[in-house]
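Chain by chain, the residues run as shown.
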Amino acid sequence: MLMKSVRLHGRTLPVPIIQGGMGIGVSRSRLAGAVAKEGGMGVISTAQVGYDDPEFDTDPEGANLRVLPQQIRRAKELSGGKGLVGVNIMSVTQLYELYVKTVCEAGVDAIISGAGFPSKLPEYAAGYDVAIAPIVSSERSARVILKLWDKKYQRTADFLVIEGPRAGGHLGFSPEQLHDIDSLDYDEEIRKIIALKSVYEEKYNVDMPVFVAGGIFHAEDARHALELGADGIQAASRFVATEECDADEAFKQAYVQANEDDVVIIKSPVGMPGRAIRNAFVEQVASCPGGVDYCFNCLSVCSPLTAAYCITKALINAVKGDLENGLIFCGARVGEISSITTVHELMRELAV
């Protein structure tokens, strides 16, 4: 077996596979707990995690911050103590500091943060026994965040997630780059990031495991990531098509039925490109944006006055199964999914 267990802030991750965090409600305690039970890291997305709480519409932040600790504790119960439970917190989240402290108080094992630069994550997580990791997409972004944490907080990351251009959600690439991925030579970018992190490993006398994400679908993808020098992988889209995924069955079937031609690049209200399955909602937004009639105050860089649509409402519709009025984020290779499997079988397949 090529994969070896890794240490993250004093904890052992038996199987170096991270299930990527997917909001809204796609990866909550059921999925995260199942992945952790197999020895991997199950990740809960904090993005509107309380979307189905009775008080969410009137007090979304209150609902989220009340539900989040419950989800973490439930995932840990389901894990049986075999793997780790982490959270994904977008750095553009409103009340970012409060979310960080809430998950730390709940005893989460790790925080993964992207969608911008999590510049203050070490400050907010200080004093808690939690591993922290930025999501980086280039050697430049890795250099900026590691240098900042080093200079300002005299510490470095516990691990890194390198997210490539074939991922879904909010991406750190330009639309032009996403339409010509082969020209990026992303393998070389991964090697550069791995070389860079060794500088900080030596300075702080620590190991900083690297997980490669974006388009990880099969065992050969995992094997290739390890050959590049990574310690493990992060996969997201494959985990949607599992029995344990927290999304509605219709959402999962959208992944099963999608083909390569159904995948489109869209613009998020926060200005970042994302990848989604083409449907009536995507077509409508492209031709006649509907605007925002109610703001859930979820992202610090989103303005309801200029946003073409409400991403919270669109994602909630989708995860509940209203696909015609919902946004279905996905990875570039979603067309390769042909059936629903279990977390157990998928982990066995990916653990090379």
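Note: the structure precedes this text.
Predicted model only: the values in this text are computed from it and were never measured. (Residues numbered from 1 in each chain as written. Predicted model: local features only at pLDDT ≥ 70, side-chain atom pairs only at ≥ 80, totals over all residues. Heavy atoms only, no water.)

Draft legend 1. Representation of the overall build of the protein chain. Scanning the protein chain from terminus to terminus reveals 13 helices and 12 strands. At 19 Å, the protein chain has a C-alpha radius of gyration in line with the 20 Å of a compact globule built from 352 residues. Taken along its principal axes, the extent of the C-alpha atoms in the protein chain is 55 × 40 × 40 Å. Within the protein chain, the fraction of its 352 residues that count as buried is 58%. Once local pairs closer than 6 in sequence are excluded, the contacts in the protein chain between residues at least 24 apart make up 67%. (Helix = DSSP H or I, 4+ residues; strand = E, 2+ residues; numbered from the N terminus. Rg over C-alpha atoms; globule rule 2.2 N^0.38 Å. Buried < 20%, exposed > 50% of the residue type's maximum accessible area, 1.4 Å probe, protein only. Contact = heavy atoms within 4.5 Å.)

Draft legend 2. The environment of Pro165, seen in detail. Within the element layout of this structure, Pro165 appears in the loop between β8 (160–163) and α6 (175–178). Looking at Pro165, the relative accessible area reads 3%, which means it is buried. Once the C-alpha coordinates of Pro165 and Lys192 are considered, the two residues, 27 residues apart in sequence, prove to be 16 Å apart. Sequence-distant contacts of Pro165, that is, excluding residues within four places in its chain, are made with Leu171, Phe173, Leu178, Ile181, Leu184, Tyr186 and Arg275.

Draft legend 3. Highlighting the packing of helix α5 (residues 139–153) against helix α7 (residues 186–204). α7 packs onto α5 with a crossing angle of 15° between their chain directions and a minimal axis gap of 9 Å. With respect to their mutual orientation, α5 and α7 come out roughly parallel. Pair α5 / α7 crosses with right-handed handedness. For the pair formed by α5 and α7, the contact residues are Glu139, Arg140, Ala142, Arg143, Leu146, Lys147 and Asp150 on the first element and Glu189, Lys192, Ile193, Leu196, Tyr200, Lys203 and Tyr204 on the second. (Axes fitted to C-alpha atoms, helices over the stretch in contact; angles between N-to-C directions. Parallel < 35°, antiparallel > 145°, perpendicular 65-115°, else oblique. Left-handed = near helix turned anticlockwise from the far one by under 90°.)

Draft legend 4. Up close: the nonpolar core. Judged by nonpolar contacts, the single largest core of 114 residues is most densely connected at Ile44, Val100, Ile111, Phe239, Tyr255 and Leu327. Excluding residues that lie within four positions of it along the chain, Ile111 makes contacts with Val87, Ile89, Val100, Val103, Cys104, Leu121, Val130, Ala131, Ile132 and Ala133. Judged by nonpolar contacts, the second largest core, of 16 residues, contains Ile18, Ala131, Phe159 and Phe211. (Core = buried A, V, L, I, M, F, W, Y, C linked by side-chain atoms within 4.5 Å.)

Draft legend 5. Quick look at the packing of helix α2 (residues 60–79) against helix α3 (residues 96–105). In the contact formed by α2 and α3, the axes pass within 9 Å of each other and the chain directions differ by 25°. Regarding the angle of α2 to α3, the classification is roughly parallel. Relative to α3, α2 is oriented so that their crossing is right-handed. Contacts from Glu61, Asn64, Leu65, Leu68, Pro69 and Ile72 in α2 reach Leu98, Tyr99, Thr102 and Val103 in α3. Split by residue class, the contact of α2 with α3 holds seven nonpolar, two polar and one charged. (Nonpolar A, V, L, I, M, F, W, Y, C, P; charged D, E, K, R; others polar.)

Draft legend 6. Structural view of helix α12 (residues 311–319). Counted residue by residue, α12 has eight buried out of nine residues, so it is predominantly covered. Those residues of α12 that fall on the buried side of the exposure criterion are Ile311, Thr312, Ala314, Leu315, Ile316, Asn317, Ala318 and Val319. As for α12, its buried residues are in contact with α10 (249–257) and α11 (280–287). Among the residues trailing α12, Gly321 stands out with phi positive, at a value near 105°.

Draft legend 7. Expanded view of the pattern of salt bridges. In this structure the tally under the stated criterion is 18 salt bridges. For Arg143, the salt bridge identified is with Glu139, shortest N-O distance 2.2 Å. Separated by four residues within a single helix, Arg143 and Glu139 lie in helix α5, roughly one turn from each other. When its relative accessible area of 16% is taken as the criterion, Glu139 is described as buried. Between Arg238 and Glu349 there is a salt bridge, with its nearest N and O atoms 3.2 Å apart. In this pair, Arg238 sits in helix α9 (residues 237–240) while Glu349 sits in helix α13 (residues 343–350), placing the two residues 111 residues apart along the sequence. Overall, Glu349 belongs to the partly exposed group, its relative accessible area being 33%. (Salt bridge = Lys/Arg side-chain N within 4 Å of Asp/Glu carboxyl O.)

Draft legend 8. View of the environment of Val352. Inspection of the secondary structure assignment puts Val352 in the segment after α13. Taking the C-alpha atoms as reference points, Val352 and Leu78, separated by 274 residues in sequence, lie 24 Å from one another. Not counting residues up to four positions away in its chain, the partners in contact with Val352 are Met1, Leu2, Met3, Ala219, Ala222, Arg223 and Leu226.

Draft legend 9. Spotlight on α2. The end-to-end C-alpha separation of α2 is 28 Å, in line with the 28 Å expected for 20 residues at 1.5 Å each. Along its buried surface, α2 packs onto α1 (29–37), β4 (41–45), β5 (84–88) and α3. Gly80 sits one or two positions beyond α2 and adopts a positive phi of about 65°. (Expected span 1.5 Å × (residues − 1).)

Draft legend 10. Up close: the pairing of strand β6 (residues 110–113). Alternating residues of β6 divide into Ala110 and Ile112 and Ile111 and Ser113, and every residue in both groups is buried. As paired elements, β5 and β6 share three bridges and run parallel to each other. Across the sheet, the residue bridging to Val87 is Ile111, located in β6. Where the polypeptide runs from β5 across α3 and back to β6, its parallel neighbour, the crossover connection is right-handed. Bridge count for β6 against strand β7 (residues 131–136) is four bridges, and the pairing is parallel. The partner of Ala110 across the bridge, within β7, is Ala131. (Pairing = 2+ DSSP bridges. Right-handed = clockwise from strand over helix to strand, strands pointing away.)

Any link to function would need more than the numbers given here.
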